[in-house]
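# Commentary on secondary and tertiary structure
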Amino acid sequence: MRINNIEALKVRNRNERAARYIAMKAHNKAVRSTHRADITVSFIAGLTVAVLVMGYHMYIAGNL
């Protein structure tokens, strides 16, 4: 009887470990897919701020 319980625990632990591994892989895939979008959006936002600041400086310099 005890051997059956040990075998059942081994199977349950193996299944739980497999489920955690699959969940971790899915999470990593989701993070990778959004990472490139984050980099792109931050680049465009930085470029926009640079253009606005440069335009403001040109506006001030033009009024001098």
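Scroll up a little and you will see the structure.
Keep in mind the model is a prediction, meaning the values are calculated, not measured. (Residues numbered from 1 in each chain as written. Predicted model: local features only at pLDDT ≥ 70, side-chain atom pairs only at ≥ 80, totals over all residues. Heavy atoms only, no water.)

## A few points about the overall build of the chain
Within the chain, the regular secondary structure consists of one helix and zero strands. What you see for the chain is a C-alpha radius of gyration of 28 Å, clearly larger than the 11 Å of a compact globule of 64 residues, by over 25%. Viewed in the frame of its principal axes, the chain has a C-alpha envelope of about 95 × 15 × 5 Å. For the chain, buried positions account for 0% of its 64 residues. As presented, the chain carries roughly 6200 Å² of accessible surface, and 67% of it is formed by carbon and sulfur atoms. (Helix = DSSP H or I, 4+ residues; strand = E, 2+ residues; numbered from the N terminus. Rg over C-alpha atoms; globule rule 2.2 N^0.38 Å. Buried < 20%, exposed > 50% of the residue type's maximum accessible area, 1.4 Å probe, protein only. Areas by Shrake-Rupley, 256 points an atom, 1.4 Å probe, with all protein chains shown as cover.)

## Remarks on the pattern of salt bridges
Following the criterion strictly, the structure yields two salt bridges and no others. The salt bridge partner of Glu7 is Lys10, with a shortest N-O separation of 3.9 Å. You can see Glu7 and its partner Lys10 sitting in helix α1 (residues 2-62), three residues apart, about one turn around the helix. Among the residues examined, Glu7 registers a relative accessible area of 40% and is labelled partly exposed. Of the charged contacts, one joins Glu16 and Arg12 as a salt bridge, the two residues approaching to 3.7 Å between their closest N and O atoms. Linking Glu16 with Arg12, this pair stays in helix α1, spanning four residues, or about one helical turn. For Glu16, a relative accessible area of 37% corresponds to the partly exposed category. (Salt bridge = Lys/Arg side-chain N within 4 Å of Asp/Glu carboxyl O.)

## With respect to a nonpolar patch on the surface
Where nonpolar side chains cluster on the molecular surface, the patch consists of Phe43, Ile44, Leu47 and Val51 and spans about 410 Å² of accessible area. Along the chain, Leu47 falls in helix α1. (Patch = residues over 30% accessible without salt bridge, like charges linked within 9 Å, V, L, I, M, F, W, Y side chains within 5 Å.)

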